[in-house]
Amino acid sequence: MSANRLPLAGVLGWPIAHSRSPRLHRHWLARYGIEGDYITLGVEPRDFEAAFRALPLLGFRGVNVTIPHKETVLRLATKVSDRAALIGAANTITFREDGSIYADNTDGYGFLENLRAGAPGWKASEGPALVLGAGGASRAIVSALLSDGAPEIRLANRTRSRAEFLAGEFGGRVKVVDWLHMEDALDGVATVVNTTSLGMTGQPPLQISLKRAPKTALVNDIVYSPLMTPLLEEAQSRRMRWVDGIGMLLHQGRPGFEAWFGVAPEVDAELRAAVLAE
Ligand code: ATR
């Protein structure tokens, strides 16, 4: 890495066209007056290793990696954070001065920070959580909820075997509940999270009544397009606390930006508006 080049970062994925990460990081670069750039890099799986290995030579301080590279990249890292190892995937890579490659996963961190910022005082340790979905996002979220002290996680997924696999990996506090009877699992919950793509523009809505949930429960949807999903509408109509999904994206970017550009960036309303703008 050379000091006489502009610091670069970017996001590698395939397909990649719709990533909002460049808007996020470019907003921060402009705000903190940092000369540098954050670039979208569409890289096919077969080219991933060659492209990835060339990045430090080109001046990249690090990158985000997204689908389908989040698992593959662990193999190329020289150091993997505990949370990335636990989740089995990384989203934030730093090319260090000494040539080492550090792989971290900040999705769970982004999830927790979003809930803490949107619902001050909330803690996963307040009570059981109902988590819908058992894909990649769910892994990061289940792991984060456990690390924040959730006493129990009730996990429902359309394909039950995926939920069972995840529960088997994360141990006794994660209990699989039936997708078709998810409402039975609302009794006494402190937190409800949708990690599926249901409710996203072009997808069917998530159909769930929150009637059986305590009024004090916090409801979160990781879908942020649209921002106000059917699940959040349902929470709002019952006057429950809810937090939308865009903050998870904003907060997950903070550790990477700080590692690459040397400034701990802030999440505020202006950033939110810039990232959400059409
Ligand atoms: P991500 O990395 O965003 O979590 P993923 O790994 O593809 O993406 O997981 C998508 C999640 O949404 C899964 O839990 C999936 O359920 P299945 O495991 O049964 O596929 C869930 N999902 C997607 N479409 C769904 C639908 N129409 N009904 C119920 N769940 C759905």
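Provided above is the structure to which this section pertains.
An account of the accompanying structure is given in this report. Nothing here was measured: the structure is a model prediction, and the numbers come from that model.

## Observations regarding the side chain of E234
- Here E234 shows up in helix α8 (residues 230-237).
- If we ignore the near neighbours within four places in the chain, the residues touching E234 are I208, S209, L210 and K211.

## Some points on the pairing of strand β6 (residues 101-104)
- Residue alternation in β6 divides its side chains into two sets, I101 and A103 and Y102 and D104, and both sets are buried.
- Strand direction decides the pairing type here: strand β4 (residues 79-80) and β6, joined by two bridges, are parallel. Paired with K79 across the two strands is Y102, which belongs to β6.
- Relative to β6, strand β5 (residues 92-95) runs antiparallel, the two sharing four bridges. Across the sheet, the residue bridging to I93 is A103, located in β6.
- Where β5 hands over to β6, the hairpin turn is made up of five residues, of which G99 adopts a positive phi near 90 degrees.

## Some points on the environment of E270
- Here E270 is to be found in helix α11 (residues 269-276).
- C-alpha separation for the pair E270 and H27, spaced 243 residues apart in sequence, amounts to 9.3 Å.
- For E270, the contacting residues outside a window of four places in its chain are H27 and R31.

## A look at the sheet that holds strand β8 (residues 153-156)
- Read from one edge to the other, the open sheet built from six strands follows the order β9-β8-β7-β10-β11-β12, with strand pairing classed as parallel. Every interior strand has two partners, whereas the edge strands, β9 (174-177) and β12 (241-243), have only one. On average, adjacent strands in this sheet sit at an angle of 20 degrees to one another, irrespective of strand direction.
- The pairing of strand β11 (residues 218-221) with β12 spans three bridges and is parallel. Bridge pairing links L218 to R241 in β12.
- Helix-sheet contacts for helix α5 (residues 107-118) involve β10 (191-194), β11 and β12, and the interaxial angle to β11 is about 135 degrees.
- Against the sheet, helix α6 (residues 136-147) touches β7 (129-132), β8, β9 and β10, its axis set at about 170 degrees to β8.

## Remarks on the packing of aromatic side chains
- All chains considered together, the criterion is met by seven aromatic pairs.
- Pairing W260 with F261 gives two aromatic rings, centres 6.4 Å apart and planes at 85 degrees, and the pair type is edge-to-face. Each of the two residues, W260 as well as F261, counts as buried.
- One aromatic cluster is present, built from ring pairs that chain together W28, Y32, Y38, F257, W260 and F261.
- Here the basic side chain of R96 rests over the ring of Y102, its NZ or CZ set 4.4 Å away from the ring centre.

## Some points on the site of the ligand
- Taken together, 13 residues sit near the ligand, with A137, N157, R158, T159 and R162 positioned nearest.
- R158 is positioned with one of its side-chain polar atoms (N or O) 2.9 Å from an oxygen atom of the ligand.
- Contact with the protein chains removes 71% of the 650 Å² of surface that the ligand exposes when unbound.

The rules behind these values
- Residues numbered from 1 in each chain as written.
- Predicted model: local features only at pLDDT ≥ 70, side-chain atom pairs only at ≥ 80, totals over all residues.
- Heavy atoms only, no water.
- Helix = DSSP H or I, 4+ residues; strand = E, 2+ residues; numbered from the N terminus.
- Contact = heavy atoms within 4.5 Å.
- Buried < 20%, exposed > 50% of the residue type's maximum accessible area, 1.4 Å probe, protein only.
- Pairing = 2+ DSSP bridges.
- Axes fitted to C-alpha atoms, helices over the stretch in contact; angles between N-to-C directions.
- Phe/Tyr/Trp six-rings, centres within 6.5 Å; stacked < 30°, edge-to-face > 60°.
- Lys NZ or Arg CZ within 6 Å of the ring centre and 35° of its normal.
- Near = heavy atom within 4 Å.
- Polar contact = N/O pair within 3.5 Å; in protein donor to acceptor, adjacent residues only side chain to side chain.
- Areas by Shrake-Rupley, 256 points an atom, 1.4 Å probe, with all protein chains shown as cover.

Function cannot be read off these values alone, since they describe shape.
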